[in-house]
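# Commentary on secondary and tertiary structure
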Amino acid sequence: MKIIRTIREMQEWSDAKRRAGATIAVVPTMGYLHEGHLSLIDTARKNGADTVIVTIFVNPTQFGPNEDFACYPRDFEHDSRLCEEKGVDVIFAPEAQEMYPEDSSTWVVEEKLSKGLCAKTRPTHFRGVTTVVSKLFLATLPHLAVFGQKDGQQARAIKRMVRDLNFPIRIVISPLIREPDGLARSSRNKYLSEEEHRNALSIFRGLTKLKADIDSGRTDLAALLAELRASIEAAGGVVDYIEAVDAETLEPKTSVEGSMMFPVAAYFGKTRLIDNILVER
Ligand code: AMP
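Notes on the structure follow. A quick note: this is a predicted structure, and the numbers were derived from the prediction, not measured.

### Digging into the site of the ligand
Residues in close proximity to the ligand total 17 residues, the closest being H37, G148, D151, I177 and R185. With respect to the ligand, the backbone of R185 contributes an N or O atom lying 2.8 Å from a nitrogen atom. In isolation the ligand has 480 Å² of accessible area, and contact with the protein removes 93% of it. Listing elements by their share of the shell around the ligand, those giving two or more residues are strand 2 (24-29), helix 2 (35-46) and strand 5 (144-148). Counted by class, the shell around the ligand contains 8 nonpolar, 6 polar and 3 charged residues.

### Concerning helix 8 (residues 194-215)
In this model, helix 8 (22 residues) spans 32 Å end to end at C-alpha, consistent with the 32 Å of a helix rising 1.5 Å per residue. Those residues of helix 8 not exposed but buried are H197, A200, L201, S202, I203, G206, L207, L210, D213 and I214. Tucked inside the fold, the buried residues of helix 8 contact helix 9 (221-234), strand 9 (259-268) and strand 10 (271-280). Backbone geometry just after helix 8 places G217 at a positive phi near 115°.

### Examining the pattern of salt bridges
Within the structure shown, the criterion is met by 22 salt bridges. E233 is paired through a salt bridge with R229; the nearest N and O atoms lie 3.4 Å apart. Of the two residues, E233 and R229 both sit in helix 9, 4 residues apart, roughly one turn of that helix. Residue classification places E233 among the partly exposed positions, given a relative accessible area of 39%. A salt bridge links R272 to D240; the shortest N-O distance between them is 3.0 Å. Highlighted residues: R272 in strand 10 and D240 in strand 7 (residues 238-242), separated in sequence by 32 residues. According to the relative accessible area criterion, R272 is buried, its value standing at 17%. Each of K209, D213, R218, D220 and E227 takes part in salt bridges that share partners, so that together they form one network.

### What about the pairing of strand 6 (residues 170-174)?
Across 5 bridges, strand 5 lies against strand 6 in parallel orientation. By the bridge assignment, G148 is partnered in strand 6 with S174. With helix 7 (residues 152-165) bridging strand 5 and its parallel neighbour strand 6, the resulting β-α-β unit is right-handed.

### Quick word on the sheet that holds strand 3 (residues 51-56)
Spatially, 1-4-3-2-5-6 is the arrangement adopted by the 6 strands of the open sheet, whose pairing is parallel. What marks the edges here is a single partner per strand, and that holds for strand 1 (2-4) and strand 6. Averaged over neighbouring strand pairs, the angle between their axes works out to 25° when direction is ignored. Examined bridge by bridge, strand 1 and strand 4 (residues 90-92) share 3 bridges and lie parallel to one another.

### A look at unusual backbone geometry
Keep in mind that most residues, glycine aside, have a negative phi and that most peptide bonds are trans. Positive phi, normally seen in glycine, also occurs at Y32, with a value near 55°. Within the secondary structure, Y32 is located in the loop between strand 2 and helix 2.

### Structural notes on the packing of aromatic side chains
One pass over the structure, following the stated rule, counts 5 aromatic pairs. Geometrically, the ring pair formed by F57 and Y100 is tilted, given 6.3 Å between the ring centres and 35° between the ring planes. With F57 in the loop between strand 3 and helix 3 (76-85) and Y100 in the loop between helix 4 (96-99) and helix 5 (118-121), the pair connects residues that are 43 residues apart, well separated along the chain. The same class applies to F57 as to Y100, namely buried. Both rings, one in F63 and one in F69, keep their centres 5.3 Å apart while their planes meet at 65°; by these two values the pair is edge-to-face. One aromatic cluster in this structure is built from F63, F69 and Y72.

Basis of the calculations
Residues numbered from 1 in each chain as written. Predicted model: local features only at pLDDT ≥ 70, side-chain atom pairs only at ≥ 80, totals over all residues. Heavy atoms only, no water. Near = heavy atom within 4 Å. Polar contact = N/O pair within 3.5 Å; in protein donor to acceptor, adjacent residues only side chain to side chain. Areas by Shrake-Rupley, 256 points an atom, 1.4 Å probe, with all protein chains shown as cover. Helix = DSSP H or I, 4+ residues; strand = E, 2+ residues; numbered from the N terminus. Nonpolar A, V, L, I, M, F, W, Y, C, P; charged D, E, K, R; others polar. Expected span 1.5 Å × (residues − 1). Buried < 20%, exposed > 50% of the residue type's maximum accessible area, 1.4 Å probe, protein only. Contact = heavy atoms within 4.5 Å. Salt bridge = Lys/Arg side-chain N within 4 Å of Asp/Glu carboxyl O. Pairing = 2+ DSSP bridges. Right-handed = clockwise from strand over helix to strand, strands pointing away. Axes fitted to C-alpha atoms, helices over the stretch in contact; angles between N-to-C directions. Phe/Tyr/Trp six-rings, centres within 6.5 Å; stacked < 30°, edge-to-face > 60°.

The following block contains the structure:
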């Protein structure tokens, strides 16, 4: 497994692979890898990739001024061991100066799906994501890129950006992976105390119940959302948002029909967790 730190070397490596006929997948991450990230590598292979690049870059431009950029968990040795075991071909792990020259003044902004939900409390987050993902695409030159359903809004915004800007890259969205107890896997779960972790299971339990209720015929959307909120609040969670949206366009849903996504963001202690469930009707 190769570790590449510069954009030039990454582009040359991918260019040579492409000329040799390889199908390249990129899996962008911020590191501190877990089963959720590793499942994206499997998804890349299932979708025809014979060459997998994992990028590890804690992207400063997607963090707000009062967010956890400085203390975001990092463990490159652990990450590279997991990637090696998974048969990853390259880790692309540039320094911030390599990705952003000091006088960098260009942004890639998606203006529709990047509004609402997480953007309400993180107004500059998605601009940072779409910019860095564009830059990672241009550095790694992949045929396909895999993103997780865990970050449902992010994956939809990136799909739209790729369509609108004609990136010749297929975007694959990979299922949300949970811990055995149901908590959505996240690098940020490390911030939770044991008690906060236990309380945070209310998100998964509430989402699972909501899906079961819809599957068994309930259509009273406002009441379903209110019950989900109440169950999270009863466990001490502070809800940032709970919504019912169209699973592709993220437009708010007013009735139970079609492909729906129910995204949730809630604080347990100081930690902000996101989760969601997809429901078909
Ligand atoms: P992050 O390192 O948190 O920026 O995540 C990198 C990629 O891994 C994103 O596409 C995430 O959606 C995906 N990911 C993170 N956690 C999970 C999970 N629990 N299940 C599926 N994908 C995930």
